Amino acid sequence: MKETILIVDDEADMLENVRRVLERQGYRCVTLDEPSRFSQVFAEESPALVLTDLKMPGKDGLEILKEAKAANPDAFVILITAFATVETAVAAIREGALDYLAKPFSNDQLLMAVEKAFREKRLKEENLKLRQKLGVLYGMEKIMGTSSPLRRVLELVRKIASTDTNILITGESGTGKEMIARVIHMNSRRKDGPFVPVDCASLPENLLESELFGHEKGAFTDALTQRPGLFEYAQGGTIFLDEIGDMPLSLQAKLFRVLQERQVRRLGGNRMIGVDVRVVSATNKDLAKEVESKRFREELFFRLNVINIELPPLRSREGDVPLLARHFLEQFNRSNHKKIRGIAAQAVKILEGYAWPGNVRELQNVIERAVALAEGDFVQPEDLPASLCRQAKNRNGESPSEASPLAYKEAKNKKLAEFDRDYLRALLARHKGNASRAAEEAGIDRKTIHRMLAKLGLAREDLAEKQVSRA
């Protein structure tokens, strides 16, 4: 028996014809003539492919496509339509459809579309296996940095990703907890299942309970239809409970029971529904202290914290700030259609000296702002937020004020020649008189170096010789 295919159409004849053709090829087919039940059936069957008609009463094919992608971003969906137009194709592909079939279509066309979908699926799986064989974790290349604290985290992720153990990710806000959770999921045996993130801090208790466990029709005033919970949507995959430390105590007890029994009961329902999910949680709070203060249930803490991954703050990741800044610079160059070549040395110095209370997320925002403001080939100190420049602690022994653009301008107005002469001497000495390398570090043009040398009466060769004699 081959993979499972879910066929959605409100026309019984179409369902029967497609089912018969595909089952002759050995596929397991599940048919659905009530589009409103798609989410439930999709969660129960976890199909490898969805074939859905575009025009249906109540819920059309594009809505089906969006629900499938929301439940599983890697879902393969083919749309069937009698109204094939360029606009239809563009809309379908934009929403994530693999392909679309125009009615009327032959049996051969149907089989070709289905085989294409499974070729894509096999290719994706083979690529992932090859990466794992080479020791490269899926998605790991997105986690930038070479510092020792980060390497220790990635080594732990490599060891535990393939297990089914519950994991608690801790760390300050902005350190990348959800990204680590996604990497763990994509390198687990559940990688073909959904990854379902839940923000436990953004919803009030009654809504969060409904989101997690689902509800039956009439369970509360606005419960007009039955709705599966996110634990059901995550069937066969991973549920990521972000900001778990903000979950209300009463709901913590219900979550513990779900983790203990591997079953959920929807609000207003009596039936217990089995769930096979891996739970990865995250928090920026110290849950051990929360347990001591009776704000977090001890039994739930131990159930979630089988393995703890503590993400280091950016300020403790020595050497990673320039790497991350360069990565974000390239990212925002593309999105803003700019061609900024790099970050000037003084600006890098400020970035490295800053404490980064908002961690990687704050650095990303700072570089996005700098790219938007920069007018030359390099990001300059004046392109950085003034507050960041004021607070930066320069690692070369300068005070924060001396590292800021304002202080630089004041020094330049008072004794410009002396400042420039000392700076240029040190810059060229470091590069043994190489003007091109000195210009690259300073974030200026090589010709500017030569003009400054002439103006200040300095010889590049002399500076290089002094550096050699010191050595």
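Residues numbered from 1 in each chain as written. Predicted model: local features only at pLDDT ≥ 70, side-chain atom pairs only at ≥ 80, totals over all residues. Heavy atoms only, no water.

K.L.:
What exactly am I supposed to notice about the overall build of the chain here?
P.N.:
Each helix and strand in the chain was counted, giving 21 helices and 16 strands. Across the 471 residues of the chain, 45% fall into the buried class. When contacts within the chain are restricted to residue pairs at least 6 apart in sequence, those whose partners lie at least 24 apart make up 68%. Surface accessibility of the chain: about 24600 Å² in total, with carbon and sulfur atoms responsible for 49%. (Helix = DSSP H or I, 4+ residues; strand = E, 2+ residues; numbered from the N terminus. Buried < 20%, exposed > 50% of the residue type's maximum accessible area, 1.4 Å probe, protein only. Contact = heavy atoms within 4.5 Å. Areas by Shrake-Rupley, 256 points an atom, 1.4 Å probe, with all protein chains shown as cover.)

K.L.:
Is there a simple way to explain a negative patch on the surface in this structure?
P.N.:
Together, Asp10, Glu11, Asp13, Asp33 and Glu34 line one region of the surface with negative charge. Relative to the elements of secondary structure, glutamate 34 occurs in the loop between β2 (28-32) and α2 (38-45). (Patch = residues over 30% accessible without salt bridge, like charges linked within 9 Å, V, L, I, M, F, W, Y side chains within 5 Å. Salt bridge = Lys/Arg side-chain N within 4 Å of Asp/Glu carboxyl O. Lys, Arg positive; Asp, Glu negative; His and termini not counted. Charge placed at Lys NZ, Arg CZ, Asp CG, Glu CD.)

K.L.:
Got a minute to help me understand the side chain of aspartate 53 in this structure?
P.N.:
Mapped onto the fold, aspartate 53 is located in strand β3 (residues 49-53). At a separation of 3.4 Å, a polar atom in the side chain of aspartate 53 contacts the side chain of lysine 103. In contact with aspartate 53, not counting residues within four places along its chain, are Val8, Asp9, Asp10, Gly61, Ile80, Thr81 and Lys103. (Polar contact = N/O pair within 3.5 Å; in protein donor to acceptor, adjacent residues only side chain to side chain.)

K.L.:
Any chance you could explain the packing of aromatic side chains here in plain terms?
P.N.:
Describing an aromatic ring pair means giving the distance of the ring centres and the angle of the ring planes. Summed over all chains, the structure comprises 6 aromatic pairs. Their ring planes at 15° and their centres at 5.4 Å tell us that tyrosine 27 and phenylalanine 118 sit as a pair that is stacked. One end of the pair, tyrosine 27, is in the loop between α1 (12-23) and β2; the other, phenylalanine 118, is in helix α5 (residues 107-133), with 91 residues separating them in the sequence. Here tyrosine 27 and phenylalanine 118 have matching classes, each one buried. On the numbers, 4.6 Å between centres and 85° between planes, the contact of tyrosine 354 with tryptophan 356 is edge-to-face. Since its relative accessible area comes to 9%, tyrosine 354 is described here as buried. (Phe/Tyr/Trp six-rings, centres within 6.5 Å; stacked < 30°, edge-to-face > 60°.)

K.L.:
How should I be thinking about the sheet that holds strand β13 (residues 278-283) in this particular structure?
P.N.:
Adjacent strands of a sheet pair through backbone hydrogen bonds, lying either parallel or antiparallel. Judged by pairing direction, the sheet is parallel, and its 5 strands sit side by side in the order β7-β10-β13-β6-β14 without closing on themselves. At either margin of the open sheet sits one strand with a lone partner, and together these are β7 (195-199) and β14 (307-310). Direction aside, the axes of adjacent strands within the sheet are offset by 20° on average. In the sheet, strand β6 (residues 167-170) pairs with β13 via 4 bridges, with the strands oriented parallel. Each bridged residue has a counterpart across the sheet, and for leucine 168 the counterpart in β13 is serine 281. (Pairing = 2+ DSSP bridges. Axes fitted to C-alpha atoms, helices over the stretch in contact; angles between N-to-C directions.)

K.L.:
Help me understand the packing of helix α13 (residues 320-336) against helix α15 (residues 359-373), please; the structure alone is not making it clear to me.
P.N.:
Working note: a packed helix pair is described by the angle between its axes plus the distance between those axes. Across the interface, α13 lies against α15 with an axial gap of 9 Å and an inter-helix angle of 50°. When the interaxial angle is binned, α13 and α15 end up oblique. Along this stretch, α13 crosses α15, giving a crossing that reads as right-handed. Packed against α13, whose contacting residues are Val321, Leu324, Ala325, Phe328, Leu329, Gln331, Phe332, Asn333 and Asn336, the element α15 presents Val360, Leu363, Gln364, Ile367, Glu368 and Val371 at the interface. Residues that form the contact of α13 with α15 fall into these classes: 10 nonpolar, 4 polar and 1 charged. (Parallel < 35°, antiparallel > 145°, perpendicular 65-115°, else oblique. Left-handed = near helix turned anticlockwise from the far one by under 90°. Nonpolar A, V, L, I, M, F, W, Y, C, P; charged D, E, K, R; others polar.)

K.L.:
Sorry, what's going on with the packing of helix α6 (residues 148-160) against helix α7 (residues 177-186) here?
P.N.:
Where α6 contacts α7, the axes come no closer than 9 Å and their chain directions differ by 35°. As for how α6 packs across α7, the hand of that crossing is right-handed. On α7, the residues touching Val153, Leu154, Val157 and Ile160 of α6 are Ile180, Val183 and Ile184. Of the residues in the contact of α6 with α7, the class split is 7 nonpolar, no polar and no charged.

K.L.:
How should the confidence of the model for the chain be read in this particular structure?
P.N.:
Close reading of the predicted structure is inappropriate where its pLDDT is low. Looking at the chain, the pLDDT average stands at 82 and 83% of residues meet or exceed 70. Across residues 393-416, where pLDDT falls below 50, the model places 24 contacts with residues more than four positions away in sequence or in other chains. In the model, residues 460-471 has pLDDT below 50 throughout and makes 14 contacts with residues more than four positions away in sequence or in other chains. (pLDDT = per-residue confidence, 0-100.)

K.L.:
Looking at this structure, how should I read the sheet that holds strand β4 (residues 77-81)?
P.N.:
The strand order across the open sheet built from 5 strands is β2-β1-β3-β4-β5, with neighbouring strands paired in parallel fashion. Because the sheet does not close on itself, it has two edges, and the strands there are β2 and β5 (99-102). Neighbour to neighbour, the strand axes of the sheet diverge by 20° on average, direction disregarded. Where strand β1 (residues 4-8) meets β2, 5 bridges bridge the pair, whose relative direction is parallel. Paired with isoleucine 5 across the strands is cysteine 29, a residue of β2.

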